[in-house]
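What the coordinates show
Now for the letters of each chain:
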Amino acid sequence: MGNYVSLYLTNPKGTPLPLTEPSFDPNLGFPHGRKERVMIATEEEMEAAKLPLEARDYCAHKLIQYRACRSDVWPWAYKCAHEKHEYLNCEYDDYILRLKEYEREKRLLQRKLRLEKKQAQELQA
């Protein structure tokens with residue numbers, strides 16, 4: 001509910017829309033640049049593993065390994081606890097990274113609005 005209130009009621013101009021691409025340069029504030037995220041699993045591997053579209057993210061390679069392990073040792077799926085743990089950790093880290101990116105976008109947007117407001121005040125004075 002916090003995002004809804006901020007987006008539509010209290011700060012509509014200073015809150016980015018969810019599920020949109022960033023509007024600022026991804027290297028803004030990083031003097032030496034950022035490490036680019038790469039997909040390890042290829043499209044062909046994901047299609048061969050019959051992954052649903054919602055699972056085709058940066059952790060798809062871990063999910064493919066987990067599913068392969070489950071099919072190899074079935075019905076003793078508990079033997080794949082390590083692969084499951086790696087996949088769930090990857091999903092959690094990806095979630096945290098997306099939260100940080102959203103927060104970065106929000107703070108840069110609010111900074112931009114503050115600077116525009118300050119420039120408008122300076123022009124009036």
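Before reading further, recall that the structure is shown in the block above.
The text that follows walks through the structure, step by step, so that each part is easy to find. (Residues numbered from 1 in each chain as written. Predicted model: local features only at pLDDT ≥ 70, side-chain atom pairs only at ≥ 80, totals over all residues. Heavy atoms only, no water.)

1. Details of the state of the cysteines
Across all of its chains, the model carries two disulfides by this definition. Note on cysteine connectivity: Cys59 is disulfide-linked to Cys90, with sulfurs 2.1 Å apart. Given an S-S torsion of about -90 degrees, the disulfide between Cys59 and Cys90 has left-handed geometry. Here Cys59, found in the loop between helix 2 (43–48) and helix 3 (60–73), pairs with Cys90, found in helix 4 (residues 81–124); they are 31 residues apart in sequence, far enough to count as distant. For the pair Cys59 and Cys90, one class covers both residues: buried. Cys69 shares a disulfide with Cys80; S-S distance 2.0 Å. Looking down the S-S bond of the Cys69 and Cys80 bridge, the torsion is -90 degrees, so its handedness is left-handed. (Disulfide = S-S within 2.5 Å. Helix = DSSP H or I, 4+ residues; strand = E, 2+ residues; numbered from the N terminus. Buried < 20%, exposed > 50% of the residue type's maximum accessible area, 1.4 Å probe, protein only.)

2. Looking at helix 3
Counted at 1.5 Å a residue, the expected span for helix 3 with its 14 residues is 20 Å, and the 20 Å between its end C-alpha atoms agrees. Within helix 3, burial applies to Ala60, His61, Leu63, Tyr66 and Cys69. Looking at the buried positions of helix 3, the neighbouring elements they touch are helix 2 and helix 4. (Expected span 1.5 Å × (residues − 1). Contact = heavy atoms within 4.5 Å.)

3. Side note on helix 4
The end-to-end C-alpha distance of helix 4, which contains 44 residues, comes to 64 Å, matching closely the 64 Å that a straight helix rising 1.5 Å per residue would cover. When we look at burial in helix 4, the residues that qualify are Tyr87, Cys90, Asp94, Arg104, Glu105, Lys106, Leu108 and Leu109.

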